[in-house]
Amino acid sequence: MKRKLIAAIGVAGMMFSVAACGSDDSDSAKDPKDRKDTVTVWLMVDAQSTWPELVKDVNAQFKEKYPNVKVNVQYQQWADKAKKLDTALGGDKFPDVVELGNTETMQYILNGAVAEVDPKKYDNSDTWIQGLKDTCTFEGKQYCVPYYAGARVAIYNTDMLKKGAGLDTLPETEDEMLAALDKVAAESGKKDKRFSSLYLPGRYWYAAMSYVAAYDGKIAEYDEGAKEWKGALSSPESQKGIQHFIDLVKKYNKADQTKDEQDHANVMANEKAALIYGNGWESGSVIDGKNNGNPKLEGKILTAGMPGPNGKALPSFIGGSDLAITSKSKVQDLAEDWVSMFTSEKSMEVLAGKNILPNNEKQLEPLKAKPETAPIANAVPDAWFTPIAPGWTSIEKEEVLENMLLSILKGDSVADATKEADSKINELINEES
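Keep in mind the model is a prediction, meaning the values are calculated, not measured.

**Description of the confidence of the model for the protein**
With 92% of its residues at a pLDDT of at least 70, the protein reaches an overall mean of 90. With pLDDT under 50 throughout, residues 1-22 is counted as low confidence; its partners more than four residues away or in other chains account for 27 contacts.

**What about helix H9 (residues 174-188)?**
The end-to-end C-alpha distance of H9 is 20 Å, a good match for the 21 Å that 15 residues give at a rise of 1.5 Å each. Where H9 is concerned, the buried positions are Glu 174, Met 177, Leu 178, Ala 180, Leu 181 and Val 184. Along the axis of H9, the buried positions cluster into a sector of 160°, meaning they face one direction only. Residues of H9 that are buried sit in contact with helix H8 (158-165), strand E8 (196-198), helix H10 (205-214), helix H11 (236-252) and strand E11 (273-279).

**Concerning helix H15 (residues 345-353)**
Within H15 the residues assigned to the buried category are Ser 347, Met 348, Leu 351 and Ala 352. Buried residues of H15, seen end-on, are gathered within an arc of 145° and therefore sit on one face of the element. Taken together, the buried residues of H15 touch helix H4 (52-65), strand E6 (145-150), helix H14 (332-342) and helix H16 (361-364). Immediately downstream of H15, the backbone of Asn 355 shows phi near 65°, a positive value.

**Here's the deal with the state of the cysteines**
Throughout the structure, instances matching the rule amount to one disulfide. Put simply, Cys 136 and Cys 144 are joined by a disulfide, and their sulfur atoms are 2.0 Å apart. Judged by the sign of its S-S torsion, about -110°, the cystine formed by Cys 136 and Cys 144 is left-handed. An identical accessibility class is assigned to Cys 136 and Cys 144; each is buried.

**Re the sheet that holds strand E2 (residues 70-76)**
If you trace the five strands from one edge of the open sheet to the other, you get E2-E1-E3-E13-E6, paired in mixed fashion. Edge positions in the sheet fall to E2 and E6, since each has one partner strand and no second. Here the strands of the sheet are splayed against their neighbours by 20° on average, with no regard to which way each runs. Where strand E1 (residues 38-44) meets E2, seven bridges bridge the pair, whose relative direction is parallel. Residue pairing across strands places Val 41 opposite Val 73, the latter belonging to E2. Here H4 sits on the sheet and contacts E1 and E2; the angle it forms with E2, its principal contact strand, is near 160°. Helix-sheet contacts for H14 involve E1, E2, strand E3 (97-101), E6 and strand E13 (319-325), and the interaxial angle to E13 is about 150°.

Cut-offs used in this document
Residues numbered from 1 in each chain as written. Predicted model: local features only at pLDDT ≥ 70, side-chain atom pairs only at ≥ 80, totals over all residues. Heavy atoms only, no water. pLDDT = per-residue confidence, 0-100. Contact = heavy atoms within 4.5 Å. Helix = DSSP H or I, 4+ residues; strand = E, 2+ residues; numbered from the N terminus. Expected span 1.5 Å × (residues − 1). Buried < 20%, exposed > 50% of the residue type's maximum accessible area, 1.4 Å probe, protein only. Arc of directions from axis to C-beta. Disulfide = S-S within 2.5 Å. Pairing = 2+ DSSP bridges. Axes fitted to C-alpha atoms, helices over the stretch in contact; angles between N-to-C directions.

Given below as structure tokens:
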């Protein structure tokens, strides 16, 4: 209850700051050519390295409309962005536009740090990918704009698959895939006992929860009668998914099973794995020599839909980013216009041309048939997301999932571990609701 009170005070404070510091009506009524302001935009470094021309083009468009307004784009690193943003929002030097990972949005919506947006002012908002739209929505109101989507896929070494199993492409069913990986393990594991035909880290909770989703399980669910969220990992469906994941880790991961997935692309780059389950863009990381990748593997690393249990594709977590306008911004109208240009249909075409999934179903559709993007694009419609529950994004809940998986790997039963995890999830949700 204490956190609820703090959140309420925070929202009230932010709402006051909006009234006091928001765009002045006289400013927004000015001729665009008479505006003399600065719009500060925080984008993640991905935009700087992968689609810098889009940023440059949008800034040029914006400059043409507002010749005397300066756009100050500052690129951030994922590792410290949240800490920097929290500090900035508590001071007097803060961004007007900020990119948020879709698991970060709820905490900033709840504490009043981001302003409400009108979807009608943005291209293709009627076909925004639902999984992204949901992360920007609270109590029927929209607080950010979907930017781009992501999903996890199978990333595999074609040479290893060909040499070990005589196959050119990854099988479409899990049984056939595992049979092929057994052959790859027998072949490539001859010289290296730590070689993993399937490298699946034990603390990789995103993957574990994909198997939970495959069995129709959930992390938590909303109890309409009690009007509260409750952990659901101890349900029979969730337990089946977790057990399936643990079985795969124990059989196929010949390295340290207690690690997370942060370096799994590097493991593949070092030819210690034939297959990993990762974000589509990580296939590029495997061969990127500038970031510990292995350029010698270029042309040998492909992606495919990850086969799951029961003859179906493995449901993927819907990843991606959103763009929000901070409540404290004094130039919200300008920030809104910049975001509108940056997420326009024209801008989304640039991302799609780089095999990055756009923010809407309309422009996603052609990518479902494109060989380079089909696996990841087709994973989006049936993707799952963490509970849209106030406070879920706190790091404690992710630690609950990781600790649950570790305890099972160390010998605890799935039943006991999931029961304890549900209890901790309930405690955390109730504390923050």
